[in-house]
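Here are the chains, one letter per residue:
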Amino acid sequence: MEQPRRITDTFPRRRRRPGRIPGGTKGRDCPRARPCAPPPAEEPPPPPPDQALLEMLRRFDLAWEYGPCTGITRLQRWERAQALGLSPPGPVRDALLQHWDNPDVIYSLWHEYGL
């Protein structure tokens, strides 16, 4: 009885070059082609703000007189309250502008919760 033919039987076989990595790329990003660059250095996280600042921002989050705070940053909430004439506290804005790169300061208490 004759064995069933495979699809690979119709194509000629080619020999691999010596030193080629099976399943590797054709010269791109090959470890033997050139040395790998060192990974980029990560910046250290910003230092945590002091507890008095965080407490002031928590009080701002809990003060409903400035409107809801879910879905927006603290600075957006402060600016919205200012535009509506609700006179939000100035030190909160100063702290937000000073620590603009720290997510603990920028986002409100409920930023991780969905709307």
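Up top is the structure these notes are about.
All residue numbers refer to position in the chain's written sequence, counted from 1. Given that this is a predicted model, residues contribute local features only at a pLDDT of at least 70 and side-chain atom pairs are listed and counted only at 80 or more, while totals for whole chains, interfaces and linings are drawn from all residues. Only hydrogens and water are set aside; all other atoms, that is, all heavy atoms of the structure, feed into the side-chain values.

1. Considering the packing of helix α1 (residues 51–62) against helix α3 (residues 90–98)
Each axis is a line fitted through C-alpha atoms, and for a helix only the stretch in contact is used; angles between axes span 0 to 180 degrees, taken between their N-to-C directions. To qualify as a helix, a DSSP run of H or I must reach at least 4 residues; to qualify as a strand, a run of E must reach at least 2; elements of each kind are numbered from the N terminus. Put simply, α1 and α3 touch, their axes get as near as 10 Å, and they point 120 degrees apart. One way to sum up the angle between α1 and α3 is to call them oblique. At the point where α1 passes α3, the crossing takes the left-handed sense. Only Pro91, Val92, Ala95 and Leu96 of α3 make contact with α1, whose side of the interface consists of Leu53, Met56, Leu57 and Phe60. Should an angle fall under 35 degrees it is called roughly parallel, over 145 degrees roughly antiparallel, and 65 to 115 degrees roughly perpendicular, with every other angle called oblique. By the definition used in this description, the sense in which the near helix is turned from the far one sets the handedness, with an anticlockwise turn below a right angle giving left-handed and a clockwise turn giving right-handed. Residues count as neighbours in contact if any of their non-hydrogen atoms are within 4.5 Å of one another.

2. Quick word on the pattern of salt bridges
Throughout this description, the term salt bridge denotes a Lys or Arg side-chain nitrogen within 4 Å of a carboxyl oxygen of Asp or Glu. Counted under the stated rule, the structure contains three salt bridges. Between Glu55 and Arg58 there is a salt bridge, with the nearest N and O atoms lying 3.2 Å from each other. In this pair, Glu55 and Arg58 are both assigned in helix α1, three residues apart and thus about one turn of the helix distant. Think of it in three bands: with a 1.4 Å probe and only protein chains considered, a residue is buried below 20% of the maximum accessible area for its type, exposed above 50%, and partly exposed in between. The exposure class assigned to Arg58 is partly exposed, which follows from its relative accessible area of 29%.

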